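Per-entry structural report
If you want the building blocks of each chain, they are given just below.
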Amino acid sequence: MTDTPTQVWDRHSILAEIKRRFGSLNAFAATTKLDAAHFSVALGAPYPKAERIISRTLGVPRHQLWPDRYDAKGRRLPSRAKVAKASPERAVA
């Protein structure tokens, strides 16, 4: 069985692909209802609306672009803040 290498996506490779297809983040944003700043934020922090648009445009599932944010079925993983908040160690007796 041969393993085919899969592309590892990080914020820089996502941005590079957007720039390759549209020339700039601003040109990409002009094709959508969101401002370029929203997409810039989504590259570094969770922003579901912008992530969905980027994913559809690139034709890559969100869980492949952001495996730390989505499970294999495309469901959003709980954020670290929510996990820490729900931790029993933090519960007050």
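Each remark here, short or long, concerns the structure printed above.
As a starting point, this report considers the structure included with it. (Residues numbered from 1 in each chain as written. Predicted model: local features only at pLDDT ≥ 70, side-chain atom pairs only at ≥ 80, totals over all residues. Heavy atoms only, no water.)

**Focus on the environment of Thr-31**
Of note, Thr-31 is situated in the loop between helix 2 (25-30) and helix 3 (36-44). Among the residues examined, Thr-31 registers a relative accessible area of 54% and is labelled exposed. A distance of 2.6 Å separates the side chain of Thr-31 from the backbone oxygen of Phe-28, its partner in a polar contact. (Helix = DSSP H or I, 4+ residues; strand = E, 2+ residues; numbered from the N terminus. Buried < 20%, exposed > 50% of the residue type's maximum accessible area, 1.4 Å probe, protein only. Polar contact = N/O pair within 3.5 Å; in protein donor to acceptor, adjacent residues only side chain to side chain.)

**A closer look at the pattern of salt bridges**
One pass over the full model with this rule turns up 5 salt bridges. For Arg-69, the salt bridge identified is with Glu-51, shortest N-O distance 2.4 Å. Of this pair, Arg-69 sits in the loop between helix 5 (62-65) and helix 6 (80-86) while Glu-51 sits in helix 4 (residues 48-58), and the two are 18 residues apart along the sequence. By the burial criterion, Arg-69 is buried, and Glu-51 matches it. Note that Arg-76 is salt-bridged to Glu-51, the shortest N-O span being 2.9 Å. (Salt bridge = Lys/Arg side-chain N within 4 Å of Asp/Glu carboxyl O.)

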